[in-house]
Amino acid sequence: MPSSTVRAFVDPDEYFAGIRNLQIEGVVLQRGEFHAEATIIDLPRVLMCRFDENLPRLMKVTPSGRRAGILFATNPDQRPVLMNGVEISQGQLGAVGLHLEWYLRSSAPCEWGTMSLTREDLAAAGETIIGRELAPPTFAHSVTPPLAALSRLRKLHEAAGHLAKTAPDILAKPEVAQAMEQALVEAMVFCLNDSHSDEVRSVQCQRARMMRRLEEVLEANSGQPLYMAELCAEVGASYWTLRGCCLEYLGMSPKHYLWLRRMHLVRRALRRADAERTTVTEIATDYGFWELGRFSVAYRSLFGESPATALRRLPDVPKT
């Protein structure tokens, strides 16, 4: 059955967890009250989403292994987002595959949309519409479709999002959903058929694999400090290669990325902890912060409140 939902979020963790079909680890990059809205439309073959975020953020996205998709800006006046360090401009879209992780970074408030099909549906749609199968990309990269094709895709995507917000009962009708889906799939195929890659694929693939290895090392050492020599040895890259790759993909050094992730893990733990049973010191040291004065100052600067204040909040119970 066709369905749609529109949800508002004030908690970044809930927002990142609520993006369907993807496993997302995200961090907000700017101090402030976070607000986001997600519109999700589930059609028989197509899963499409529209997102609106008020603060810059960095997301590491792990695909489900089942669906290949595209993403693009939905606000013509916003700054470009960066996917794996490459700008996705107003005249471009990002194509993402089934397996390799990818990074999506914004530097300002951001509105963006996605659309995905299974591998089988993408291949069948290509065969039907353009006479040849379309295959998911090996790694995420930017593409530049014909302007008319991208414009039509954006208009159809916006119309579907408008229906989800204002008349979800109409969108739920099988006849409407089928017509909308066929138009969206056709527009997506035309965008991917005549587009060209903007990066040398072999180089991008090598960097994507390096970032995957980096994430594996960071995950294995998430609770303890790492030094660049150790990190480079475990990733299998030189200092300048790894640092350059992280600056391109993440906009920061690998050490700062690890620190930022750990800070957000501490924040999550503090907000879910019972102040009667644990302390800030115990939680901070669990995540490798032993200079507690510096930690407290950095925490307040990043989140706008002290660690003690976060601990004294009523615990956030994870939703099931």
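The structure we're discussing is the one just above.
Residues numbered from 1 in each chain as written. Predicted model: local features only at pLDDT ≥ 70, side-chain atom pairs only at ≥ 80, totals over all residues. Heavy atoms only, no water.

1. Quick word on the sheet that holds strand β8 (residues 86-88)
Strand order in the open sheet made by the five strands is β2-β5-β10-β7-β8, with antiparallel pairing throughout. Because the sheet does not close on itself, it has two edges, and the strands there are β2 (22-28) and β8. Taken pair by pair, the neighbouring strands of this sheet meet at an average axis angle of 25 degrees, ignoring direction. Relative to strand β10 (residues 102-105), strand β7 (residues 81-83) runs antiparallel, the two being bridged by two bridges. (Pairing = 2+ DSSP bridges. Helix = DSSP H or I, 4+ residues; strand = E, 2+ residues; numbered from the N terminus. Axes fitted to C-alpha atoms, helices over the stretch in contact; angles between N-to-C directions.)

2. Examining the packing of aromatic side chains
In total, this model carries nine aromatic pairs according to the counting rule given. Seen in terms of ring centroids, F9 and Y15 are 5.5 Å apart; in terms of plane orientation they differ by 65 degrees. Their pairing is edge-to-face. Taken individually, F9 and Y15 each receive the classification buried, so the pair is uniform in this respect. Taking the centre distance of 5.8 Å and the plane angle of 55 degrees together, the rings of F295 and Y299 count as tilted. In this pair, F295 and Y299 both sit in helix α11 (residues 292-303), four residues apart, roughly one turn of the helix. Chaining the aromatic ring pairs together yields one cluster made of F9, Y15, F16, F34, F51 and W112. Its guanidinium or amino end placed over the ring of F289, R262 lies 4.3 Å from that ring's centre, counting from NZ or CZ. (Phe/Tyr/Trp six-rings, centres within 6.5 Å; stacked < 30°, edge-to-face > 60°. Buried < 20%, exposed > 50% of the residue type's maximum accessible area, 1.4 Å probe, protein only. Lys NZ or Arg CZ within 6 Å of the ring centre and 35° of its normal.)

3. Quick notes on helix α8 (residues 239-250)
Over its 12 residues, α8 runs 16 Å from end to end, which matches the ideal 16 Å to within 8%, given 1.5 Å per residue. Every buried residue of α8 is listed here: L242, C245, C246, E248, Y249 and L250. Seen end-on, α8 carries its buried residues on one side only, within an arc spanning 165 degrees. Phi turns positive, to about 75 degrees, at G251, one or two residues after α8. (Expected span 1.5 Å × (residues − 1). Arc of directions from axis to C-beta.)

4. Description of the pairing of strand β5 (residues 57-63)
Among the seven residues of β5, seven are classified as buried, and the element is accordingly described as predominantly covered. Of the two faces of β5, the one lined by R57, M59, V61 and P63 and the one lined by L58, K60 and T62 are each fully buried. Strand direction decides the pairing type here: β2 and β5, joined by seven bridges, are antiparallel. When the sheet's bridge partners are listed, L22 is paired in β5 with P63. Pairing of β5 with β10, which is carried by four bridges, proceeds in the antiparallel orientation. Residue K60 lies in a different strand from β10, and its bridge partner there is Y103.

5. Structural notes on the environment of Q182
Within the secondary structure, Q182 is located in helix α5 (residues 174-193). Residue classification places Q182 among the partly exposed residues on the basis of a relative accessible area of 46%. Between the C-alpha atoms of Q182 and V46, which are 136 residues apart in sequence, the distance is 9.2 Å.

6. Some remarks on the side chain of H157
The topology assignment puts H157 in helix α3 (residues 147-166). Of the polar contacts made by the side chain of H157, one reaches the backbone oxygen of T114; its length is 2.9 Å. In this view, H157 contacts M48, C49, R50, F72, G113, T114 and L184; residues no more than four positions away in its chain are not counted. (Polar contact = N/O pair within 3.5 Å; in protein donor to acceptor, adjacent residues only side chain to side chain. Contact = heavy atoms within 4.5 Å.)

7. A short note on the nonpolar core
By size, the foremost hydrophobic cluster in this structure holds 39 residues, and its most contacted members are M211, L214, L242, L250 and Y299. For this core, the elements supplying multiple residues, two or more each, are α6 (201-220), α7 (228-235), α8, α9 (254-272), α10 (280-286), α11 and α12 (307-312). Residue contributions to this core peak at seven residues, all from α6. Once residues lying within four places of it in the same chain are set aside, the contact partners of M211 are Y103, C245, C246, Y249 and L250. Among the nonpolar cores identified, the runner-up in size contains 35 residues, and L93, L153, A177 and M180 belong to it. (Core = buried A, V, L, I, M, F, W, Y, C linked by side-chain atoms within 4.5 Å.)

8. What about α3?
In a regular helix each residue adds 1.5 Å, so 20 residues correspond to 28 Å; α3 covers 28 Å between its end C-alpha atoms and thus fits that length. Within the span of α3, buried status applies to A149, L150, L153, R154, L156, H157, A160, G161, L163 and A164.

9. Some details on the environment of A273
Mapped onto the fold, A273 is located in the loop between α9 and α10. Judged by its relative accessible area of 12%, A273 is buried. In this structure the C-alpha to C-alpha distance between A273 and F303, which are 30 residues apart in sequence, comes to 17 Å.

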